[in-house]
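The residues making up each chain are set out below.
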Amino acid sequence: QVQLVESGGGLVQAGGSLRLSCAASGSIFSIRAMGWYRQAPGKQRELVATITFVGSTDYDDSVKGRFTISRDNLKNTVALQMNSLKPEDTDIYYCNGVVDIGWGRINDFWGQGTQVTVSS
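The text that follows walks through the structure, step by step, so that each part is easy to find. In this text the structure is predicted, and so the values were computed from the model without any measurement.

## Examining the overall build of the protein chain
Within the protein chain, the regular secondary structure consists of 0 helices and 11 strands. The principal-axis extents of the C-alpha atoms in the protein chain amount to approximately 50 × 25 × 20 Å. Expressed as a percentage of its 120 residues, the buried residues of the protein chain come to 40%. A separation of at least 24 residues holds for 55% of the contacts in the protein chain among residues at least 6 apart in sequence. Accessible surface, the protein chain as shown: approximately 6,400 Å² in total, 51% of it carbon and sulfur. Averaging the coordinates of the 11 positive side-chain charges in the protein chain and doing the same for the 11 negative ones gives two points 3 Å apart.

See the structure below:
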């Protein structure tokens, strides 16, 4: 199995910064892509940012220019640097990994989520 463990959430004032980190471990042959998603109560989980093995990135329009995603392929980690935070960024943030677990089997794995709260 594969485990994703997030850290770095918390409470911050509007305009402040937070850095989320996620480490993947377990039966990993390679990680095709890693990303961050967020979800508010009663709403669908939505993409925040993703990054592929070769470093191609994609961001939701609402975070472009404020958030930066990065990864370390050797350590199987991904980070999300969040600057200029707004109250509407308040959500539970989930780490995602698209993982090749060997023999051509590719599965989605999720972390347990970390709360980000931005006060106005």
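Next comes the rest of the write-up.
## Topic: the state of the cysteines
Evaluated as defined, the whole model comprises 1 disulfide. Residue pairing for Cys-22: its cysteine sulfur links by disulfide to Cys-95, the two sulfurs lying 2.1 Å apart. Handedness here is read from the sign of the S-S torsion; for Cys-22 and Cys-95, about -85 degrees, the answer is left-handed. In this pair, Cys-22 is assigned in strand β3 (residues 18–26) and Cys-95 in strand β9 (residues 91–100), connecting sequence segments 73 residues apart. For the pair Cys-22 and Cys-95, one class covers both residues: buried.

## A look at the environment of Val-99
Position of Val-99 among the secondary structure elements: in strand β9. A sequence separation of 68 residues divides Val-99 from Ile-31, and the C-alpha atoms of the two residues are 4.4 Å apart. Beyond its immediate stretch of four places on either side in the chain, Val-99 contacts Val-2, Ile-28, Ser-30, Ile-31, Arg-105, Ile-106, Asn-107 and Phe-109.

## Regarding the packing of aromatic side chains
All chains considered together, the criterion is met by 1 aromatic pair. Judged by centre distance (5.1 Å) and plane angle (70 degrees), the rings of Tyr-37 and Trp-110 are edge-to-face. You can see Tyr-37 sitting in strand β4 (residues 30–39) and its partner Trp-110 sitting in strand β10 (residues 106–110), a full 73 residues away along the chain. Overall, the relative accessible area of 34% leaves Trp-110 in the partly exposed class. Above the ring of Tyr-94, the side-chain terminus of Arg-45 is found at 3.7 Å from the ring centroid.

## Some remarks on unusual backbone geometry
Phi is positive for Ser-84, which is not a glycine, with a value near 50 degrees. Accessibility expressed as a relative area gives 41% for Ser-84, which makes it partly exposed. In the Ramachandran plot, Trp-103 falls in the positive-phi region, its phi being about 60 degrees despite a non-glycine side chain. With respect to the helices and strands, Trp-103 occurs in the loop between β9 and β10. What makes Trp-103 exposed here is its relative accessible area of 84%.

Criteria and cut-off values
Per chain, residues are indexed from 1 in the order of the written sequence. Side-chain atom pairs in this predicted model are given and counted only at pLDDT of 80 or more, local residue features only at pLDDT of at least 70, and totals for whole chains, interfaces and linings cover all residues. The side-chain figures draw on all heavy atoms in the structure; neither hydrogens nor water molecules are used. Numbered from the N terminus, helices here are DSSP runs of H or I no shorter than four residues, and strands are runs of E no shorter than two. Relative accessibility decides the category of a residue: with a 1.4 Å probe and only protein chains considered, values under 20% of the type maximum give buried, values over 50% give exposed, and everything between is partly exposed. Here, residues are in contact when the closest pair of their heavy atoms is within 4.5 Å. Surface exposure here means Shrake-Rupley accessible area, sampled with a 1.4 Å probe, where a residue is shielded only by the protein chains that are shown. Neither His nor the chain ends contribute to the count of charged residues, in which Lys and Arg are positive and Asp and Glu negative. Here the site of a charge means atom NZ of a Lys, CZ of an Arg, CG of an Asp or CD of a Glu. The disulfide criterion used throughout: a pair of cysteine sulfur atoms within 2.5 Å. Each Phe, Tyr or Trp ring (for Trp, its six-membered ring) is paired with any other whose centre lies within 6.5 Å, and the angle between the two planes then decides the class: stacked below 30 degrees, edge-to-face above 60, tilted in between. Placement of a charge over a ring requires the Lys NZ or Arg CZ to be within 6 Å of the ring centre, with the centre-to-atom vector within 35 degrees of the ring normal.

Take it as geometry only, folks, not as evidence of what the structure does.
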